[in-house]
Every structure is written in C-alpha cells, then in structure tokens.
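Below are the chains, spelled out letter by letter.
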Amino acid sequence: MGCPVSRRLCSTHAAPRLNVSLFPCHPFSNGLQPTILLTASLDLDRDRDLDLQVGITDRCKMLDYEAAVCRPFNFPLLTPSFFTSNDAYVGIKFRYFRSLVQWLLSLNGVTVSASSNGGAIVAGQHIDDEDAAAASCVLLEQCKTIGVPLGGGLSPVRIRSGYGEAVLSLLDALLEHTIAHQGVVLLPPVHSTEDDIVRFLALARLIHCALARSRTR
C-alpha cells in the first residue's frame, strides 16, 4: 500500500490537461487545429500581397515603367507575384526594386544619376547592390524627405531582400505619392450605355462598307 503523500507528490508532476471545451473563445474549442489556423493566416497575407502587387503593376504601367526601367536595365515585365516572394528572378529582385524606387524618386524631383560601376547616385549619395543595407537606408531616407507616408514598421532591414510585405508597402506608398505629385487624376470607369453600343456598331458597319467598296474599285 503506497503512501498517500507520495501519491499526491507524484500526481503534482503529471502533465496538466486543459479542457478547451470550458473556454468557448479558445481557438481550438470548435475543432480548429493550429495548422489550419496558421495556413489560413498565411493565405490571407499572401492574398493581400498579391493585391498590392497588382496595384503596383497597374500604376507602374500608367507611368510607363517599361520605357523608363525595363528596357534600359533589361528587366522583365512585372509578374502578378513578382515582389511577393523569392520564388523566381532571385538574382535581380533587389536591383529591380532599387531601380523602380530611384525612377519614382526622380519623378518627384530627387536628383538621380547612374554611376560608373552599375550603381546610382541618389541625392548625392552613391548606392549599389553590393551593400543592399546601405542602399536601403538611402532610399528610405529620400522617401521620407519627399513626404511619402511610410508606416513605422518599414526599415532598411526589411526591404534589403528586395521582396516581401515591406517592399510592397513602400512601392505602393511611393507610387501613390508620385501619381499625386504628377497631377494624374484617376477617374472611375465609364460604362457604355445601350445607345453608345448601337452608335458604335453603326459606325463599324459604315467603316466596313467603305473598306469593302475601296477594295472592289
């Protein structure tokens, strides 16, 4: 027969068991598992990043980034997930990001010029891809100088990789500021009425008939 005291001491070392059914607000009380919750959170973050990338690409097109950035530096066109992850174009992510920021800063009146070693001189400070941390400091500093509203979470450490949520947030804010600085007004889409469609079709038929007559002569 064991000692009651010994039994009580042993029982105190048993692993505690939490009955989650007693806590209705506990995330696992309704059957959800930690893995499922984590996956759902990651999916939401990725959806948000993809939405930011789409908006960034659309506004870059509006400002003609293909002529200003892609062709001079032989960059590919932005994909729907370009800056959201490091899955592709690994070697050029930061250089592409840096080039976009430099171009947008120049549209806001910041002096930007190319340097002999493939880097750039931004507001009198030399930056290149060899020291991404230093380049990130200069880019962030210049964005703040021209009044771009950046969140407190943005730091050189978070943008020096050239991809991710911080990079997307900076590009999004800088593009918004640049478009306002350029005086570009985004108008809501105008949807055609039935009369507009009828007039368009009538004009198309007239053009078609005119072309057909010109070929028969």
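Our structure's up above, just so we're on the same page.
What you see is a predicted model, and the numbers here were worked out from it, not measured in a lab.

Our next topic: the nonpolar core. In this structure, Phe 83, Tyr 96, Phe 97 and Leu 170 are the most contacted members of the largest nonpolar core, which totals 44 residues. Where this core is concerned, the elements lending two or more residues are α2 (34-62), α3 (65-73), α4 (93-107), β2 (120-122), α5 (132-145) and α7 (165-182). Discounting residues that sit within four places of it in the chain, Phe 83 has contacts with Gln 53, Leu 78, Lys 93, Tyr 96, Phe 97, Leu 100, Gly 162, Tyr 163, Gly 164, Val 167, Leu 168 and Leu 171.

The subject of this paragraph is the sheet that holds strand β1 (residues 112-114). Here 3 strands make up an open sheet; going across it, the order is β1-β2-β3 and the pairing antiparallel. The sheet is open, and its two edges are formed by β1 and β3 (125-127), each paired on a single side. Averaged over neighbouring strand pairs, the angle between their axes works out to 25 degrees when direction is ignored. For β2 and β3, the ladder comprises 3 bridges, and the chain directions are antiparallel. Among the inter-strand pairings, Val 122 is bridged to a residue of β3, identified as Gln 125. Along the sheet face, α4 touches β1, β2 and β3 and points at about 40 degrees away from the line of β2. Here α5 sits on the sheet in contact with β2 and β3, set at roughly 130 degrees to β3.

What follows covers the packing of α4 against α7. Interhelical geometry of α4 versus α7 gives an angle of 25 degrees and a closest axis separation of 9 Å. One element, α4, and the other, α7, form an angle in the roughly parallel class. Where α4 crosses over α7, the handedness of that crossing is left-handed. Of α7, the residues touching α4 (which contributes Phe 97, Leu 100, Val 101, Leu 104, Leu 105 and Leu 107) are Val 167, Leu 170, Leu 171, Leu 174, Leu 175, Thr 178, His 181 and Gln 182. The residue makeup of the contact of α4 with α7, split by class, is 11 nonpolar, 3 polar and no charged.

Next up on the list: the pattern of salt bridges. Enumeration over the complete set of coordinates arrives at 5 salt bridges. Put simply, Asp 172 and Arg 59 hold a salt bridge, and the shortest N to O gap is 2.4 Å. Taken as a pair, Asp 172 in helix α7 and Arg 59 in helix α2 lie far apart in primary sequence, 113 residues in all. Here Arg 59 ties to Glu 176 by a salt bridge, and the two come within 2.7 Å at their closest N and O atoms. Here Arg 59 is found in helix α2, whereas its partner Glu 176 is found in helix α7, with 117 residues between them in sequence. Assessed through its relative accessible area of 10%, Arg 59 is described here as buried.

Bringing a nonpolar patch on the surface into the picture now. There is a patch of nonpolar side chains on the surface, built from Ile 197, Phe 200 and Leu 201 and spanning about 310 Å² of accessible area. Locating Ile 197 in the fold gives a position in helix α8 (residues 194-216).

Cut-offs applied
- Residues numbered from 1 in each chain as written.
- Predicted model: local features only at pLDDT ≥ 70, side-chain atom pairs only at ≥ 80, totals over all residues.
- Heavy atoms only, no water.
- Core = buried A, V, L, I, M, F, W, Y, C linked by side-chain atoms within 4.5 Å.
- Buried < 20%, exposed > 50% of the residue type's maximum accessible area, 1.4 Å probe, protein only.
- Helix = DSSP H or I, 4+ residues; strand = E, 2+ residues; numbered from the N terminus.
- Contact = heavy atoms within 4.5 Å.
- Pairing = 2+ DSSP bridges.
- Axes fitted to C-alpha atoms, helices over the stretch in contact; angles between N-to-C directions.
- Parallel < 35°, antiparallel > 145°, perpendicular 65-115°, else oblique.
- Left-handed = near helix turned anticlockwise from the far one by under 90°.
- Nonpolar A, V, L, I, M, F, W, Y, C, P; charged D, E, K, R; others polar.
- Salt bridge = Lys/Arg side-chain N within 4 Å of Asp/Glu carboxyl O.
- Patch = residues over 30% accessible without salt bridge, like charges linked within 9 Å, V, L, I, M, F, W, Y side chains within 5 Å.
- Areas by Shrake-Rupley, 256 points an atom, 1.4 Å probe, with all protein chains shown as cover.

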